[in-house]
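Listed below are the residues making up each chain.
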Amino acid sequence: MNAQHFDVLIIGAGLSGIGTASQVAAAFPDKTIAVLERRERLGGTWDLFRYPGIRSDSDMYTFGYKFRPWRDLTVLADGGSIREYIADTAKQFGIDEKIHYGLKVVTADWSTPESRWTVTTLDEATGQTRIFTCGYLVSCTGYYNYDAGYLPAFPGMERFGGRCIHPQHWPEDLDYSGKRVVVIGSGATAVTLVPAMARDAEHVTMLQRSPSYVFSLPAFDKISQVLGRFLPQDWVYAMGRKRNIVIQRQLYLACRRWPRQMRRFLLWQVRRQLGTSVDMSHFTPSYLPWDQRLCAVPDGDLFRTLASGDASIVTDQIDTFTEKGILLQSGRELEADIIVTATGLDIQMLGGMALSVDGEPHELHDQMTYKSLLVESIPNMAWVFGYTNAPWTLKSDIAGAYLCRLFKHMDDHGHTVATPRDIENSAIDDGILDSLESGYVQRAKNTLPRQGSKPPWKVLMHYEQDSKMLLDDPIDDGILRFEAPALKGAMA
């Protein structure tokens, strides 16, 4: 079977994939690049998720690409606008013509004698196999299973007489006008759905097993609006982006250094917006801030909706589903026409792709990550994974910039292969997200890759430190080993 060959092959046409491809294409116009996308449209998360109110959970000055600034003053943008932004970026850099749609990546095998990857894909529409080869492979598949979200085995689900829906696969024909809706969950999806659905539903109930920390962000960037009257647009964007990066980082550090004081602050701002109409016990978590991710809501829309009575919140355990709704362990029954199970994601690495080197399988969770980007002992492969304590794109942006530095170094020195090697026995038995107690992370402890005791193997989750490591530190650090065509099998 004939295989198409590319210098760089990128898996995933979402925010990370399009961003990485755009940076590489701009820096290396002579390199051949292709993007493999399983879905029939680009956008990744922002094309898959279509539930009411879908939006970013961080500000767009930092969630957008640094190399193509987000110009709108809306702080938390809706999903459709984000997808359009990704599509416009792909078009501007010519990536829209390099995407191969409808291809599920099944396997990727590195050949040491040939110094190339062979990537096997399945055209899901026709059932045909298509083969690609490449010099460098970049996985931008995100971290969750696109086929299905996480759904606990709730007792009696089959008894429920209404519709039961997971937000990851929202039906286009769903009409919830005048309906009673129960949203199960307390994370970012649930706090988005409740105020959005409450506008048309008869009533929405947010049912949570335990509370999360929720804080309010301005829906509109008034500071940048005012500055834009006097300063050039590029200056306003740069200042706004820097401001937001600093605020986010300081909020995270404050929660880690002074958790009890920050807990009081976060609960105070909720109490101030809820007033006395809602019991604060529903917003008082048992854990400390940033043991799990914080949830952001624009202009306190969730708090306003609850205070108005259009929605309510219940903290309880589910005993069983019934014909009419949900019976709680307290004995209370929540009647519903529609139940939305906003119960989270099912983590999946590399989009489910099986990875091997010279035919020998390599599991990602058995390897460490090098600079949180390359993979220990895997030649010519990058794995782009964003931040969990800051906007995802901050990390994917500098990851793409690092790859451009790496490719230039390899070209300048005649190298064809680069492989991170753990020469100091840095490995420890810690996953890259072990500090987070979120359910989706704990369920995936045996799936996520490992980290080491010190950089470049230690996962920093720190934008400033990562920026120095990826953008300033030398490419050739003695840990990343290079090979040239004439010296295959020997380290240059």
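For clarity, every value in this text was computed on a predicted model and none was experimentally measured.

**Student:** Quick one: what's the story with the pairing of strand β16 (residues 338–341), residue by residue and with numbers?
**Tutor:** Neither face of β16 is exposed, since Ile 338 and Val 340 on one face and Ile 339 and Thr 341 on the opposite face are all buried. Here strand β7 (residues 163–165) runs beside β16; their pairing, made up of 3 bridges, is parallel. By the bridge assignment, Cys 164 is partnered in β16 with Ile 339. Relative to β16, strand β8 (residues 180–184) runs parallel, the two sharing 4 bridges. Along β16, the bridge assignment pairs Val 182 with Ile 339.

**Student:** Now, about the pairing of strand β1 (residues 4–11): what can you tell me, with residues and values included?
**Tutor:** Both β1 and strand β6 (residues 129–139) contribute to a ladder of 7 bridges, which runs parallel. Counterpart to Phe 6 in the pairing with β6 is Cys 134. With 4 bridges joining them, β1 and strand β2 (residues 33–37) adopt parallel strand pairing. Looking at the pairing, Ile 10 lines up with Val 35 of β2. Crossover handedness for the path β1 to helix α1 (residues 15–27) to β2: right-handed.

**Student:** Hey, could you go over the state of the cysteines for me, with residue numbers and the actual values?
**Tutor:** Within the structure shown, the criterion is met by 0 disulfides. In this model Cys 134 remains outside any disulfide bridge; the closest cysteine sulfur is found in Cys 140, 12 Å from its own. Left unpaired, Cys 255 is separated from the closest cysteine sulfur, that of Cys 295, by 13 Å.

**Student:** An account of the packing of aromatic side chains is requested, with residue identities and associated values reported.
**Tutor:** Enumeration according to the criterion identifies 25 aromatic pairs in this entry. Ring centres of Phe 67 and Phe 93 lie 5.5 Å apart, and the angle between their planes is 85°; this geometry places the pair in the edge-to-face category. Here the residue Phe 67 occupies a position in the loop between α3 (60–63) and α4 (79–92), and Phe 93 occupies one in the loop between α4 and β3 (99–101), the gap between them amounting to 26 residues. On the basis of relative accessible area, Phe 67 is assigned to the partly exposed category, the value being 28%.

Thresholds, definitions, all that
- Starting afresh in each chain, residues are numbered from 1 along the sequence in its written order.
- Only residues with pLDDT of at least 70 get local features here, since the model is predicted, and only at 80 or more are side-chain atom pairs given and counted; chain-wide, interface and lining totals rely on the full set of residues.
- As a rule here, side-chain values cover all heavy atoms of the structure and leave hydrogens and water aside.
- Note on classification: 1.4 Å probe, protein chains only; a residue is buried when its accessible area is under 20% of the maximum for its type, exposed when over 50%, partly exposed between these limits.
- For the purposes of this entry, the term helix denotes a DSSP run of H or I that reaches at least four residues, the term strand denotes a run of E that reaches at least two, and both are numbered from the N terminus.
- A pair of strands counts as paired when DSSP detects no fewer than two bridges linking them.
- A crossover gets the label right-handed when its path from the first strand over the helix to the second runs clockwise, viewed with the strands pointing away from the viewer.
- Pairs of cysteine sulfur atoms within 2.5 Å are what we label disulfides.
- To pair, rings of Phe, Tyr and Trp, with the six-membered ring standing in for Trp, must have centres within 6.5 Å; the planes then decide the type, stacked if under 30 degrees apart, edge-to-face if over 60, and tilted in the middle.

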